[in-house]
Amino acid sequence: MERQINMEAANFTAVNTSIENRELDGKTVLRVVKKEKIEEPDENTYAKVKDLSFHNGIVEVNMLSRLLPDAPAHARGFIGIAYRANETDSEFESFYVRPTNGRDCTDPVRRSHGCQYFSYPGYTFSYFREFHITEYEAPVNIGLGEWIALKAVIEDDRAEFYLNHEKEPVLVVDHMKHGIGSRGSVGIFVDIGTEAFIADMKVTCLD
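To start, this report covers the structure provided alongside it.

Scoring rules and cut-offs
- Residues numbered from 1 in each chain as written.
- Predicted model: local features only at pLDDT ≥ 70, side-chain atom pairs only at ≥ 80, totals over all residues.
- Heavy atoms only, no water.
- Pairing = 2+ DSSP bridges.
- Helix = DSSP H or I, 4+ residues; strand = E, 2+ residues; numbered from the N terminus.
- Salt bridge = Lys/Arg side-chain N within 4 Å of Asp/Glu carboxyl O.
- Buried < 20%, exposed > 50% of the residue type's maximum accessible area, 1.4 Å probe, protein only.
- Core = buried A, V, L, I, M, F, W, Y, C linked by side-chain atoms within 4.5 Å.
- Contact = heavy atoms within 4.5 Å.
- Polar contact = N/O pair within 3.5 Å; in protein donor to acceptor, adjacent residues only side chain to side chain.

## A few points about the pairing of strand E6 (residues 57-67)
Part 1: Examined bridge by bridge, E6 and strand E11 (residues 148-155) share seven bridges and lie antiparallel to one another. Across the sheet, asparagine 62 pairs through a bridge with alanine 149, a residue of E11.
Part 2: Here E6 runs beside strand E15 (residues 194-205); their pairing, made up of 11 bridges, is antiparallel. Each bridged residue has a counterpart across the sheet, and for valine 61 the counterpart in E15 is methionine 201.

Structure below.
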């Protein structure tokens, strides 16, 4: 079943975020910003599609991020997706990009942290960094303030993530932390200092 998601804010539930519709580049888009009181990174901060149950399938999003005027120095323009998010928002999987760590970044360490998979709760980027687990991050050829096409292909406990219609995935996760059986909605993930805009979103459920 293929579902083109209407970008009207009323079709989303704001989870620790604020959401609204804006006009950008001639389109009505969804704007998502993380609530200020949520200070920790890799938390349940997303706009979740209402009335959707997703297990295996494909998530496609056309997204753009900017830094807010008061963004802290460690802000990276974090934007991406949450998927298999349960009803209480206490468990989900996620993939996001850090556009400031993309093609214009001259720091090789930061460039290696261009995108991120994490699993909530517990398996955050800081957990992976603490234990020197590197397979959940990769470089990206993107930039801040530009439209980015994200495609996620989810099958059981495997995920492949593609950017800008490239033939090869930018990141492959062979064993997602919540395993094979989890199911839930899909959302737009955003983190600190980021103004996220979503122009298009399509979810294909394969089971």
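## Thoughts on the sheet that holds strand E7 (residues 79-85)
Part 1: Here we have seven strands laid out as an open sheet, ordered E2-E5-E14-E7-E8-E9-E10, and antiparallel in their pairing. Only two strands of the sheet have a single neighbouring strand rather than two, namely strand E2 (12-15) and strand E10 (137-138).
Part 2: Alignment of E7 against strand E14 (residues 185-190), held across six bridges, turns out to be antiparallel. Directly across from tyrosine 83, in E14, lies its bridge partner valine 186.

## Notes on the pattern of salt bridges
Part 1: Evaluation of the coordinates by the stated rule reveals 14 salt bridges.
Part 2: A salt bridge links lysine 202 to glutamate 2; its shortest N-O distance comes to 4.0 Å. Highlighted residues: lysine 202 in strand E15 and glutamate 2 in strand E1 (residues 2-4), separated in sequence by 200 residues.
Part 3: Overall, lysine 202 belongs to the partly exposed group, its relative accessible area being 22%.
Part 4: In this structure glutamate 2 comes out as exposed when scored by relative accessible area, which is 56%.
Part 5: For arginine 31, the salt bridge is made with glutamate 20, and the minimal N-O distance between the two is 3.1 Å. In this pair, arginine 31 sits in strand E4 (residues 27-34) while glutamate 20 sits in strand E3 (residues 17-24), placing the two residues 11 residues apart along the sequence.

## With respect to the nonpolar core
Part 1: Tyr83, Phe95, Val97, Phe161, Leu171 and Met201 are the most contacted members of the largest nonpolar core, which has 54 residues in total.
Part 2: For valine 97, the residues in contact, after removing those within four places along its chain, are Met63, Gly77, Phe78, Ile79, Gly114, Cys115, Ile142, Ile148 and Leu163.
Part 3: Among the nonpolar cores identified, the runner-up in size contains five residues, and Leu24, Val29, Leu64 and Ala199 belong to it.

## As for the side chain of threonine 17
Part 1: The residue threonine 17 is located in strand E3 in this model.
Part 2: The class of threonine 17 is buried, set by a relative accessible area of 3%.
Part 3: Within the local environment of threonine 17, its side chain forms a polar contact with the backbone oxygen of tyrosine 46, the two atoms lying 3.3 Å apart.
Part 4: With residues near it in sequence (within four places) discarded, threonine 17 still touches Val32, Val33, Lys34, Lys35, Thr45, Tyr46, Ala47 and Val190.

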